[in-house]
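Topology and contacts: notes
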Amino acid sequence: MIRRAVLPLLVSLLLCAGAGQAQATGYRYWSFWDRDGDRWVYATQGPSTARPSDGDVQGFRFAVSEDSADAARPRGRADFETICAKTPAQDGKKRVALLIDFGTTTDASSGETPPAPRTACAQVSPDATTAEALATVAKPLRYDTNALLCAISGYPEKGCGEQVAEKQKPSAQKKDTSDDGPSLGLVAGITVVALLGGAAIWQVRRRGQS
């Protein structure tokens, strides 16, 4: 009788865990980042209003993400000395190191292949925005009517922040959940193990009493 009650519960738990992953959705877009020491921090301003200082490092990453906390960070080496090594300083100009990560094939729109990540050193006027710096090294840029950055160096050719279903995130994009609570799948797995263990103990006791 216990086994009959356990099996439907196991199936229900597993289906709930799977449904949580299958129903996840995200948006395909260019995220914008600031380099803080040895880590990337999601930018608090858009590239059209941010005004970096001389020596700053900023990054762009094209990916499918649910929100800013889930967004995939730019990949590759990102230090100012390396990126701007061949661009000497000039009076009346500032240098901004940019890392442009076009993402993976998993993130790409149908029929498009992402270029390899690249870096560039933009040398612009002291009051230039990040968007203006980006325009000097990564044309053509494409924006929508709301000034959302849609394409860098012509990639992607179409689309802009469209919503997509996320059946399974690529491993490079998975959010670090080491400080978060257990996921639904983990809870379901632990519950399944506990239920199976309880059923096994009950059967052993029953046999011992018979």
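Read on for an overview of the structure. Per chain, residues are indexed from 1 in the order of the written sequence. Only residues with pLDDT of at least 70 are given local features in this predicted model, and only at 80 or more are side-chain atom pairs given and counted; all residues enter the totals for whole chains, interfaces and linings. Note: side-chain values were computed over all heavy atoms of the structure, leaving out hydrogens and water.

The next thing to look at is the overall build of the protein chain. A count of helices and strands for the protein chain gives 4 helices and 8 strands. Computed with a 1.4 Å probe, the accessible areas rest on the Shrake-Rupley method; for each residue, only the protein chains presented here act as cover. As displayed, the protein chain offers around 12700 Å² of accessible surface, 53% of which is attributable to carbon and sulfur atoms. Each helix corresponds to a stretch of at least 4 residues labelled H or I by DSSP, and each strand to a stretch of at least 2 residues labelled E; elements are numbered beginning at the N terminus.

Here the focus is unusual backbone geometry. Here the bond from Lys139 into Pro140 is cis, since omega is -5°, no more than 30 degrees from zero. Of note, the bond from Tyr155 into Pro156 is cis; its omega dihedral lies within 30 degrees of zero at -5°. Take Pro156: it is sitting in the loop between β7 (149-151) and β8 (163-165). Positive phi, normally seen in glycine, also occurs at Ala147, with a value near 65°. With respect to the element layout, Ala147 can be found in the loop between β6 (142-143) and β7. Of note in this structure, Ser153 is not a glycine but carries a positive phi near 55°. In this fold, Ser153 is placed in the loop between β7 and β8.

Let us now look at the nonpolar core. By nonpolar core we mean a set of buried residues, namely Ala, Val, Leu, Ile, Met, Phe, Trp, Tyr and Cys, connected to one another through side-chain atoms within 4.5 Å. Relative accessibility decides the category of a residue: with a 1.4 Å probe and only protein chains considered, values under 20% of the type maximum give buried, values over 50% give exposed, and everything between is partly exposed. Judged by nonpolar contacts, the single largest core of 20 residues is most densely connected at Trp30, Phe60, Ile100, Leu134 and Ile152. For this core, the secondary-structure elements that each account for two or more residues are β1 (25-36), β3 (57-65), β4 (94-101), β5 (118-124) and α3 (130-137). Considering every element that reaches this core, the biggest residue donor is β4, with 3 residues. Setting aside residues up to four positions removed in sequence, Trp30 forms contacts with Phe60, Arg61, Phe62, Ile100, Asp101, Phe102, Leu149, Cys150, Ala151, Ile152, Tyr155 and Pro156. Val57, Cys84, Ala97 and Leu99 belong to the second-largest nonpolar core, a separate cluster that totals 12 residues. Here a residue-residue contact requires only that any non-hydrogen atoms of the pair lie within 4.5 Å.

Moving on to the state of the cysteines. In what follows, a disulfide is any cysteine sulfur pair within 2.5 Å. Tallying each qualifying case throughout the model produces 2 disulfides. Paired through a disulfide, Cys150 and Cys160 show a sulfur-sulfur distance of 2.0 Å. Here the S-S torsion is close to -75°, and the disulfide linking Cys150 with Cys160 is therefore left-handed. Placement of Cys150 in strand β7 and of Cys160 in the loop between β7 and β8 is noted, with a sequence separation of 10 residues between them.

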